2 protein chains.
Amino acid sequence: MHFTSEQSLDADVLERRFTLGDVPGILWTSGSEPAPLILMGNQGGLDRMYSRLAARALGTVAEGYAVATVELPWSGDRPRSADAEQARADLRRAIEAGEPVAEEIIERLILPLVDQAVPESQAALDALLALPEISDGPVGTSGGVLGISLRLAAVDPRIAAALLFAGSYVPRVMFEEARQVTTPLLMLLQWDDEGNDRQMALDLFDAFGSKEKTLHANMGGHTGIPAFEGPYANQFFARHLK
Amino acid sequence: MHFTSEQSLDADVLERRFTLGDVPGILWTSGSEPAPLILMGNQGGLDRMYSRLAARALGTVAEGYAVATVELPWSGDRPRSADAEQARADLRRAIEAGEPVAEEIIERLILPLVDQAVPESQAALDALLALPEISDGPVGTSGGVLGISLRLAAVDPRIAAALLFAGSYVPRVMFEEARQVTTPLLMLLQWDDEGNDRQMALDLFDAFGSKEKTLHANMGGHTGIPAFEGPYANQFFARHLK
């Protein structure tokens, strides 16, 4: 793990860019006391999404966590994949045509991404949990590509709390993995999000094997999650990570 | 409104029984400063349900509210209705036989109850809001028979926040009324409650016309609502009643 740059943000937050192998990432911490880590997901393209990611990270660091995010495969400055580009183009075409998105498109879009991203996230966890500013205890995940959070929760016992944002596609073949998940989870669903498959999200929530799982559904579109969900998410993480 | 008895409970809470016409009820208050009112629902039979109702009321009073509940028609010490008894017997028979409950049974069970209970609840509000210990402002409703909360929210503009517990039957003919509701609402759904029609609850949540509506689904049966929902409900009421 190599730190490539650092800057101080407000409220005593240190933001450091790093690379792990050829995977870039960003780490936000405050102070030198070890804090529990929340691995924040993204939709690919750290620079493009920077302001939103930093805003979320600052809010979470203020609650006493360290926050990290890593670039997705084939996104941002990382090498492209022809198959991933094709799957994205097919998805866009189906949405623009107002057609239901075929399951095989979702599989081509998500399954290779999950296969590649999950080991990268686990390698990032290995390196991050070795830092003195991060406590070597339970880890939370927050948002990002739903399939990645699902696989991570299923395979990595360090994940003790998963905050999931319904709204990215999950192939039906992954529902079997969801049944293996026992991690406490909170899933946020925007009820009238037109770009979202509500029934898929409800079916997935149903499939998770976790004994503690909570669904919060609210009105509004994809970016309209109400402000009052912020404290709820904090309470959820505090119950499981502190 | 006649107060018929009073006793002091712990934490400076005064519990008073009252009758309004021939409808008995219970009021819990603390101190003499006017507090916003939460009308707490019940499933009929105040004496039978007393300990659970008092426990919920004490928790709510501690958050700075006055809490009242009134006996349902044909329940507790109130005169029985042959039609209501028949509808309850038919419901029980269907459930014991493992059959789906016919819509006409739900209609016979709920519609006359709503027609009778809602004006009684409104009369109770008239009397309660005139008390100096209760602020003459927005009112919350919490739990009880879902159809009653629905109709109250639809017809009474004093209701500014409704906490709904999915789990009692709502006739499909009332879904049209749900579309008229604009009251902010929080619906709690026990996801794997076997005595509950999950799809009906999701359809009803979808039908409500409220711009702020939130669904919280958790694991566990009818009485297994997790303790962490308590603070969430308090925050919901605080946003709308204080």
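Residues numbered from 1 in each chain as written. Chains lettered and ligands numbered in written order. Predicted model: local features only at pLDDT ≥ 70, side-chain atom pairs only at ≥ 80, totals over all residues. Heavy atoms only, no water.

Q: Got a sec to walk through helix α6 (residues 198-207) of chain A? Specific residues and values, please.
A: When we look at burial in α6 of chain A, the residues that qualify are M200, A201, L202, L204, F205 and A207 of chain A. The residue sitting at the N-terminus of α6 of chain A and contributing the capping side-chain oxygen is D197 of chain A; that oxygen lies 3.3 Å from the backbone nitrogen of Q199 of chain A. (Buried < 20%, exposed > 50% of the residue type's maximum accessible area, 1.4 Å probe, protein only. Helix = DSSP H or I, 4+ residues; strand = E, 2+ residues; numbered from the N terminus. Polar contact = N/O pair within 3.5 Å; in protein donor to acceptor, adjacent residues only side chain to side chain.)

Q: Provide a residue-level description of the environment of S142 of chain B, including the pertinent values.
A: All names here are of chain B. Position of S142 relative to the elements: it lies in strand β6 (residues 139-142). The buried category is assigned to S142, whose relative accessible area is 7%. Separated by 100 residues in sequence, S142 and N42 have C-alpha atoms that sit 9.0 Å apart. Those residues in contact with S142 that lie beyond four places of it in its chain are I38, L39, M40, G41, R56, L163, F165 and F237. (Contact = heavy atoms within 4.5 Å.)

Q: Quick rundown of the packing of aromatic side chains? Include the residues and the values.
A: A full pass over the atoms with the stated rule returns 11 aromatic pairs over all chains. With 4.9 Å between their ring centres and 85° between their planes, W191 of chain A and F205 of chain B make a pair best called edge-to-face. With W191 of chain A in the loop between β8 (185-190) and α6 and F205 of chain B in helix α6 (residues 198-207), the pair connects residues from two separate chains. Comparing W191 of chain A with F205 of chain B shows no difference in burial state: the two are buried. Site record: aromatic cluster; members linked through ring pairs are F228 and Y232 of chain A together with F228 and Y232 of chain B. The aromatic ring of Y65 of chain B is capped on one face by K242 of chain B, whose charged end is 4.4 Å from the ring centroid. (Phe/Tyr/Trp six-rings, centres within 6.5 Å; stacked < 30°, edge-to-face > 60°. Lys NZ or Arg CZ within 6 Å of the ring centre and 35° of its normal.)

Q: Before we move on, could you go through the interface of chain B and chain A and cite the residues and values that matter?
A: Of the residues lining the interface, 21 residues belong to chain B; the matching set on chain A comes to 21 residues. Summing both partners gives a buried area of about 1,800 Å² for chain B against chain A, and 56% of it is carried by carbon and sulfur. Together, W191, M219 and Y232 of chain B form the three largest contributors to the area buried by chain B at its contact with chain A, with a combined 28%. On the surface where chain B and chain A come into contact, there are 2 salt bridges. A salt bridge links R198 of chain B to D206 of chain A, with the nearest nitrogen and oxygen atoms 3.3 Å apart. The element best represented in the side of chain B that touches chain A is strand β9 (residues 213-218) of chain B, accounting for 6 residues. Of the residues belonging to the side of chain B that touches chain A, the class tally is 9 nonpolar, 5 polar and 7 charged. Pairing of strand β9 (residues 213-218) of chain A with β9 of chain B involves 5 bridges; the strand directions are antiparallel. (Buried area = accessible area lost by both parts, 1.4 Å probe. Salt bridge = Lys/Arg side-chain N within 4 Å of Asp/Glu carboxyl O. Nonpolar A, V, L, I, M, F, W, Y, C, P; charged D, E, K, R; others polar. Pairing = 2+ DSSP bridges.)

Q: Describe the pairing of strand β8 (residues 185-190) of chain B, with residues and values.
A: Where a strand is regular, its side chains alternate between the two sheet faces. Residue and element names in this part refer to chain B. Burial within β8 is extensive, with 6 of its 6 residues counted as buried. Burial along β8 is two-sided: the face carrying L185, M187 and L189 and the face carrying L186, L188 and Q190 are both buried. Bridge analysis of strand β7 (residues 159-165) against β8 gives 4 bridges, and the strand direction is parallel. Considered in β8, the bridge of A162 is made with L185. Regarding the hand of the β-α-β motif, the stretch spanning β7, helix α5 (residues 175-180) and β8 is right-handed. (Right-handed = clockwise from strand over helix to strand, strands pointing away.)

Q: So what's going on with the pairing of strand β6 (residues 139-142) of chain A? Which residues, and what values?
A: Residues and elements named next belong to chain A. Both faces of β6 are covered, namely the face carrying V139 and T141 and the face carrying G140 and S142. Bridge analysis of strand β4 (residues 37-40) against β6 gives 3 bridges, and the strand direction is parallel. Across the sheet, residue M40 finds its bridge partner in β6, namely S142. Examined bridge by bridge, β6 and strand β7 (residues 159-165) share 4 bridges and lie parallel to one another. Bridge pairing in β7 places V139 opposite I159. Between the parallel pair β6 and β7, the chain is carried across by helix α4 (residues 146-155), and the sense of this crossover is right-handed.

Q: Describe the relation of the copies chain B and chain A, naming the residues involved and giving the relevant values.
A: If you rotate chain B by 180° and push it 0.0 Å along the axis, it lands on chain A with an RMSD of 0.0 Å. Such values leave the two copies arranged in the relation of a two-fold axis. No C-alpha of chain B approaches the rotation axis more nearly than that of H216 of chain B, which lies at 2.3 Å. Of the interface residues in chain B, 100% have counterparts in chain A that sit at the interface too, so the contact is made through matching surfaces. (Least-squares fit on C-alpha atoms with pLDDT ≥ 70 in both.)

Q: Give a detailed account of the packing of helix α2 (residues 82-96) of chain B against helix α3 (residues 103-129) of chain B, specifying residues and quantitative values.
A: Residue and element names in this part refer to chain B. It is at 9 Å that the axes of α2 and α3 come closest, and there the two elements cross at 140°. One element, α2, and the other, α3, form an angle in the oblique class. Here α2 runs over α3; the crossing is left-handed. Of α3, the residues touching α2 (which contributes Q86, A87, R88, D90 and L91) are I105, R108 and L109. (Axes fitted to C-alpha atoms, helices over the stretch in contact; angles between N-to-C directions. Parallel < 35°, antiparallel > 145°, perpendicular 65-115°, else oblique. Left-handed = near helix turned anticlockwise from the far one by under 90°.)

Q: How would you explain the pattern of salt bridges if you had to name every residue and give the values?
A: Residues and elements named next belong to chain B. Scanning all chains against the criterion turns up 32 salt bridges over all chains. Between D115 and R151 there is a salt bridge whose closest N-O contact spans 3.1 Å. One end of the pair, D115, is in helix α3; the other, R151, is in helix α4 (residues 146-155), and 36 residues separate them in sequence. In this structure D115 comes out as partly exposed when scored by relative accessible area, which is 48%. The exposure class assigned to R151 is buried, which follows from its relative accessible area of 15%.

Scope: geometric values only; no functional claims are made or implied.
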